[in-house]
Amino acid sequence: MEELAVFGGKPVLSKKIGYGHQYIDDNDIQAVVDVLKSDYLTCGPKIEEAEKKLCEITGAKYAVLIANGTAALHACIFAAGIGKGDEVITTPITFAASANCALYLGAKPVFADIDPDTYNIDPDSIEKCITERTKAVVAVDYTGQAVQLDRIREICDRHNLILIEDAAHSLGTKYNGKAVGSIADMTEFSFHPVKTCTAGEGGAVTTNDYELYKKLVLFRTHGITRVQEWMDKPSEGGWYYQQIDLGYNYRMTDMQAALLSSQLDKLDMFGKRRKELVKRYDAAFAEVPEIIVQKEIPESDTVRHLYVIQFDLDKLKCTRKEVFEALQAEGVGVNVHYIPVYSFPYYKSIGYKMGICPNAEKLYERMISIPLYYSLTDEQQESVITAVKKVINYYKKEA
Ligand SMILES: *Cc1c(COP(=O)(O)O)cnc(C)c1O
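Residues numbered from 1 in each chain as written. Predicted model: local features only at pLDDT ≥ 70, side-chain atom pairs only at ≥ 80, totals over all residues. Heavy atoms only, no water.

Okay, the nonpolar core next. Residues Leu65, Ile89, Ile126, Val137, Ile152, Phe191 and Leu260 are the most contacted members of the largest nonpolar core, which totals 41 residues. Sorting the residues of this core by element identifies α2 (45-58), β1 (62-66), α5 (123-129), β4 (134-140), α6 (149-159), α8 (254-264) and α9 (267-285) as the ones contributing at least two each. Looking at which domains feed residues into this core, each of domain 1 (5-21 + 267-398) and domain 2 (26-264) supplies at least three. The contacts of Ile89, once residues within four sequence positions are left out, are Val110, Ala112, Ile121, Ile126, Cys129, Ile130, Thr134, Ala136, Val137 and Val138. Judged by nonpolar contacts, the second largest core, of 32 residues, contains Leu277, Leu316, Tyr373 and Ala387. (Core = buried A, V, L, I, M, F, W, Y, C linked by side-chain atoms within 4.5 Å. Buried < 20%, exposed > 50% of the residue type's maximum accessible area, 1.4 Å probe, protein only. Helix = DSSP H or I, 4+ residues; strand = E, 2+ residues; numbered from the N terminus. Domains from an automatic or database assignment. Contact = heavy atoms within 4.5 Å.)

Next up, the structure:
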């Protein structure tokens, strides 16, 4: 058997690759440079341009660019009118921001378990978590696959809850033919460099509801407005504005918006390539009984942000940590998405205990994210597959 690189063998990839990487072309660079030479570095025309494109892509009536995805989630919780004593249901298999946003406004995140096959929040578990204090569900399209929006929408309607979709992973994904961004009450996107389209840092919320839109816009800029119909008396003159709510400075710069706008022009191209790569991984791992891949639901036409493999540890003589380190040594960029949010020391300090979501905790012990990004070449992907198979072969139990 071939010696693993972690034990001194020759690595499959002589040059290490990352698990994710942004793709920036000359149009992106030119777009940013043009802004730098223009009159507006912030509050300029690029914000509206990118917002318009997001509306076109998602089919939503309104899009509000916000400084980053975390601030966008904060804005959603604010716009939903959530505060002290309220509960917000979300998944533990997500980036911490999906739950932190409730804490920012004094509300309590409640963790529903995941479906063990799709890894997305389980609608039945959502129902079990609902109390008279529940105000909203933050449903995360984990790895880019849409959650079961029909069922979750129905549950939210029946219990009068606001549905916030954390679509940080799922820009470009469609659910039953409708783009993510036009289905939930509010949908949040992130444009961090590992996400499908980037602004450096950036986020957005889309909605079809004018009242929510108004609150999102106010929250982004201190609660300040120049819109006459939102003011309580006629304007005193050209300089006049009013603060009618308490917001923050959560604006994106025009440099970032220009980069995002240029990136959004490539979304179809990015999505197509990501789908090709996922298909090839799925085909390659279908032959490996020690690897379990994420189950896809037919309703979701998915632009995948992450490719996650789960190891059937009963069939391997090793831990996830050993596989992780072996793959790293082979030159494969790996990561784990995610550590269950409630297991962090901060969450423990505010009263959360292990054991509340067994499916999530089990998945966490067994999963690894492997490289998936637009510019990953066929050859690099083949090497990743070779490395994964090499490591599995080394550690697999004799049948
Ligand atoms: C990236 C991410 C966010 C937050 O986005 P930032 O732009 O980094 O603040 C929120 N939720 C999920 C699921 C994410 O992956």
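Once that is clear, we can look at the domain arrangement of the protein. One widely used convention gives an interface's size as the accessible area the parts lose upon coming together. Its domain assignment divides the protein into domain 1 (5-21 + 267-398) and domain 2 (26-264). The centre of domain 1, based on its C-alpha atoms, is set 28 Å off from the matching centre of domain 2. Taken together, the contacts link 38 residues of domain 1 with 40 residues of domain 2. Taken together, both faces of the contact between domain 1 and domain 2 bury some 3,400 Å²; the carbon and sulfur share is 61%. Contact with domain 2 buries area across many residues of domain 1, yet Leu267, His305 and Tyr338 alone supply 21% of it, more than any other trio. On inspection of domain 1 and its partner domain 2, the count reaches 0 salt bridges. The tally of links between domain 1 and domain 2 comes to 22 residue pairs in polar contact (both at pLDDT 80 or more). Put simply, the parts of the chain that give the side of domain 1 that touches domain 2 at least two residues each are α9, β12 (291-293), β13 (300-301), β14 (307-311), α11 (345-349) and α12 (358-366). It is α12 that contributes the most residues to the side of domain 1 that touches domain 2, 4 residues altogether. Counted by class, the side of domain 1 that touches domain 2 contains 24 nonpolar, 8 polar and 6 charged residues. (Buried area = accessible area lost by both parts, 1.4 Å probe. Salt bridge = Lys/Arg side-chain N within 4 Å of Asp/Glu carboxyl O. Polar contact = N/O pair within 3.5 Å; in protein donor to acceptor, adjacent residues only side chain to side chain. Nonpolar A, V, L, I, M, F, W, Y, C, P; charged D, E, K, R; others polar.)

When you line up the elements, Leu171 lands in the loop between β5 (162-166) and β6 (174-175). Note: C-alpha distance between Leu171 and Tyr374 (203 residues apart in sequence) is 14 Å. Leaving out residues up to four positions away in the same chain, Leu171 has contacts with Leu54, Ile57, Phe189, Phe191, Cys197, Leu264, Leu267 and Val303.

Once that is clear, we can look at the pairing of strand β15 (residues 367-370). On a regular strand, one side chain projects to one face of the sheet and the next to the other, so that they alternate. Burial along β15 is two-sided: the residues Met367 and Ser369 and Ile368 and Ile370 are all buried. Bridge count between β14 and β15: 4 bridges; the pairing is antiparallel. Within β15, the residue paired with Gln310 across the bridge is Met367. (Pairing = 2+ DSSP bridges.)

Turning our eyes to something else, we now look at helix α10 (residues 320-329). Regarding α10, the residues found buried are Arg320, Val323, Ala326 and Leu327. On an axial view of α10, the arc spanned by its buried residues comes to 130 degrees, and they lie on one face. Looking at the buried residues of α10, the elements they touch are β14, α12, β15 and α13 (378-395). Phi turns positive, to about 95 degrees, at Gly331, one or two residues after α10. (Arc of directions from axis to C-beta.)

The next point concerns the pattern of salt bridges. Inspection of the entire model under this criterion finds 24 salt bridges. Residues Arg153 and Asp185 are paired through a salt bridge, measuring 3.1 Å at the closest nitrogen-oxygen approach. Of this pair, Arg153 sits in helix α6 while Asp185 sits in the loop between β7 (178-179) and β8 (186-190), and the two are 32 residues apart along the sequence. For Asp301, the salt bridge goes to Lys275, with nearest N and O atoms at 2.8 Å. Of this pair, Asp301 sits in strand β13 while Lys275 sits in helix α9, and the two are 26 residues apart along the sequence. What makes Asp301 partly exposed here is its relative accessible area of 37%. Look at Lys275 and you get partly exposed, because its relative accessible area is 34%.

The next subject is the site of the ligand. Near the ligand lie 15 residues; those nearest to it are Gly69, Thr70, His169, Ser190 and Lys195. Measuring from an oxygen atom of the ligand, one finds a side-chain N or O atom of His169 at 2.8 Å. Here an oxygen atom of the ligand sits 2.8 Å away from a polar atom, N or O, in the side chain of Ser190. Calculation on the ligand without its partners gives an accessible area of 380 Å², and the protein chains cover 92% of this total. Ranked by the residues each element gives to the shell around the ligand, the list is headed by helix α3 (residues 69-79), at 3 residues. Here the shell around the ligand is composed, by residue class, of 5 nonpolar, 8 polar and 2 charged. (Near = heavy atom within 4 Å. Areas by Shrake-Rupley, 256 points an atom, 1.4 Å probe, with all protein chains shown as cover.)

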